[in-house]
Amino acid sequence: MSETLVFASAVDPVEPWRTALEGLLPDLRVRTPEVIGAEDDVRYALVWKPPAGFFARYPGLRLVTILGAGADALAGRDDLPDVPVTRLSDPEMARMMTHYVLFAVLRYARNIPTFEAAQRAGRWHYVHPREAREIRVGVLGLGELGGAAALELARQGFSVAGWSRTPKTLPGIACHAGPDALIPFLAQTEILLVMLPLTPETRRLIGAAEIAALPRGAKLVNVSRGAVIDEAALVAALASGHVGGATLDVFETEPLADGHALWGMENVLVTPHLASVAIPASAARQIAENIQRVRAGHAPAQRVDLTRGY
């Protein structure tokens, strides 16, 4: 008898996942909730922010996979069964994230927003480029995605430092760790990349005091979770010029509300949470392997601890 994987995401189309997963596991049926019937033996779930009560409908679940690298969307739910929860760890997702980060850093390093503003004003305006080694980039969070981004930026010649809650070692990266090191790290950062998971410890970790520690005119890029930053404090710092510009892919509330102050700020670039997305053709293999591990009675890879948020 075939087993069923229930797929639920408001932003990801099911067909590419169905094609990839059923191609790898011919005895697996990939179905969305509205077409699942009594005959379906739902053992697996592949989800992104499913609605409240979603999991209670599937008492036979044996594995839940999150359509992304972060686990915060499932933390604290009362309908989640006591089964392994895994996240995606796909080299293509890391590559996509690194591309976005590199774009954002290069945009600031080469003064592109200044030239965009000059073009809108019909004004020829020259700013002499700086060498990459003169530009201090700080990566807040040195996990799988943050570490990959930090290494690529260092390879491009930037002066890269990183901060994490616990000590990390990366070649060519000045690594800092722990609460006492955060303010000194920020004080030396010209372009700050926020790449931390959202946990109780990191929620609004970057507040008014932390933003004030950045050098005046520093740029900020957030590709992790909006709630890692105090959004009101960031808006105030952008309005005052203390933060010279921000590239924001994530927000406290998504979609970003109509009329939100960030929409109208000329020193802000808003993108709709797409810095890194799951790619079925590559990520499906990890999911299929985990299903096979669970079928064989083994623990799946990339399991997350929802009490920690990652």
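Here's a quick rundown of the structure. (Residues numbered from 1 in each chain as written. Predicted model: local features only at pLDDT ≥ 70, side-chain atom pairs only at ≥ 80, totals over all residues. Heavy atoms only, no water.)

**Thoughts on the sheet that holds strand 1 (residues 3-9)**
Thought 1: Ordered in space as 2-1-3-4-5, the 5 strands form an open sheet in which the pairing is parallel. Edge strands, defined here as strands with exactly one partner in the open sheet, are strand 2 (28-31) and strand 5 (85-87). Taking the axes of each pair of neighbouring strands and ignoring which way they run, one obtains an average angle of 20° across the sheet.
Thought 2: Relative to strand 2, strand 1 runs parallel, the two being bridged by 4 bridges. Considered in strand 2, the bridge of Glu 3 is made with Leu 28. (Pairing = 2+ DSSP bridges. Helix = DSSP H or I, 4+ residues; strand = E, 2+ residues; numbered from the N terminus. Axes fitted to C-alpha atoms, helices over the stretch in contact; angles between N-to-C directions.)

**Examining helix 7 (residues 231-240)**
Thought 1: All of the buried residues along helix 7 are Glu 231, Ala 233, Leu 234, Val 235, Ala 237 and Leu 238.
Thought 2: The opening residue of helix 7, the one whose side-chain oxygen lies 3.2 Å from the backbone nitrogen of Ala 232, is Asp 230.
Thought 3: Directly after helix 7, the chain includes Gly 241, whose backbone phi takes a positive value near 90°. (Buried < 20%, exposed > 50% of the residue type's maximum accessible area, 1.4 Å probe, protein only. Polar contact = N/O pair within 3.5 Å; in protein donor to acceptor, adjacent residues only side chain to side chain.)

**Some thoughts on the pairing of strand 7 (residues 159-164)**
Thought 1: Within strand 7, 5 of the 6 residues are buried, which leaves the element mostly enclosed by the surrounding structure.
Thought 2: Both strand 6 (residues 136-140) and strand 7 contribute to a ladder of 5 bridges, which runs parallel. Within strand 7, the position partnered with Gly 138 by the bridge is Ala 161.
Thought 3: In this region the chain leaves strand 6, passes through helix 4 (residues 144-155) and returns to the parallel neighbour strand 7; the handedness of that crossover is right-handed.
Thought 4: Pairing of strand 7 with strand 8 (residues 174-177) involves 4 bridges; the strand directions are parallel. In the strand pairing of strand 8, Ala 161 is matched with Ala 174. (Right-handed = clockwise from strand over helix to strand, strands pointing away.)

**Thoughts on the packing of aromatic side chains**
Thought 1: Tallied over the full model, the rule gives 3 aromatic pairs.
Thought 2: Through successive ring pairs, a cluster of aromatic residues spans Phe 54, Phe 55 and Tyr 58. (Phe/Tyr/Trp six-rings, centres within 6.5 Å; stacked < 30°, edge-to-face > 60°.)

**Details of unusual backbone geometry**
Thought 1: For the peptide bond that leads from Glu 254 to Pro 255, omega is -5°, which places it in the cis range.
Thought 2: Looking at the secondary structure, you find Pro 255 in the loop between strand 11 (243-248) and strand 12 (268-270).
Thought 3: For Asn 111, which is not glycine, the phi dihedral falls at a positive 60°.
Thought 4: Of note, Asn 111 is situated in the loop between helix 2 (91-109) and helix 3 (112-120).
Thought 5: Taking relative accessible area as the criterion, Asn 111 reaches 22% and is therefore assigned partly exposed.
Thought 6: Positive phi is not limited to glycine here, since His 273 has a value of about 55°.
Thought 7: Position of His 273 relative to the elements: it lies in the loop between strand 12 and helix 8 (280-295).
Thought 8: Judged by its relative accessible area of 24%, His 273 is partly exposed.

**Considering the packing of helix 1 (residues 14-24) against helix 8**
Thought 1: Interhelical geometry of helix 1 versus helix 8 gives an angle of 45° and a closest axis separation of 9 Å. Judged on the interaxial angle alone, helix 8 and helix 1 are oblique. Remark: the crossing between helix 1 and helix 8 carries right-handed chirality. Contacts from Pro 16, Trp 17, Ala 20, Leu 21 and Leu 24 of helix 1 reach helix 8 at Pro 280, Ala 283, Ala 284, Arg 285, Ile 287 and Ala 288.
Thought 2: Grouping the amino acids of the contact of helix 1 with helix 8 by side-chain chemistry returns 10 nonpolar, no polar and 1 charged. (Parallel < 35°, antiparallel > 145°, perpendicular 65-115°, else oblique. Left-handed = near helix turned anticlockwise from the far one by under 90°. Contact = heavy atoms within 4.5 Å. Nonpolar A, V, L, I, M, F, W, Y, C, P; charged D, E, K, R; others polar.)

**What to know about helix 4**
Thought 1: Its 12 residues give helix 4 an end-to-end C-alpha distance of 17 Å, which sits within 8% of 16 Å, the value for a rise of 1.5 Å per residue.
Thought 2: When we look at burial in helix 4, the residues that qualify are Leu 145, Gly 146, Gly 147, Ala 149, Ala 150, Glu 152 and Leu 153. (Expected span 1.5 Å × (residues − 1).)

**A few points about the pattern of salt bridges**
Thought 1: Taken as a whole and assessed by the stated rule, the structure comprises 18 salt bridges.
Thought 2: As a salt-bridge pair, Arg 31 and Glu 22 come within 3.4 Å of each other at their nearest N and O atoms.
Thought 3: By relative accessible area, Arg 31 is classed as buried at 19%.
Thought 4: In this structure Glu 22 comes out as partly exposed when scored by relative accessible area, which is 24%.
Thought 5: Two residues, Arg 155 and Glu 152, come together in a salt bridge whose shortest N-O distance is 2.9 Å. In this pair, Arg 155 and Glu 152 are both assigned in helix 4, 3 residues apart and thus about one turn of the helix distant. (Salt bridge = Lys/Arg side-chain N within 4 Å of Asp/Glu carboxyl O.)

**Description of the sheet that holds strand 11**
Thought 1: Spatially, 7 strands are ordered 8-7-6-9-10-11-12 in an open sheet, and the strand pairing comes out parallel. Strands with a single pairing partner mark the edges of an open sheet, and in this sheet they are strand 8 and strand 12. Put simply, the sheet's adjacent strands are angled 15° from each other on average, direction ignored.
Thought 2: Relative to strand 9 (residues 191-194), strand 6 runs parallel, the two being bridged by 4 bridges. Each bridged residue has a counterpart across the sheet, and for Leu 140 the counterpart in strand 9 is Val 194.

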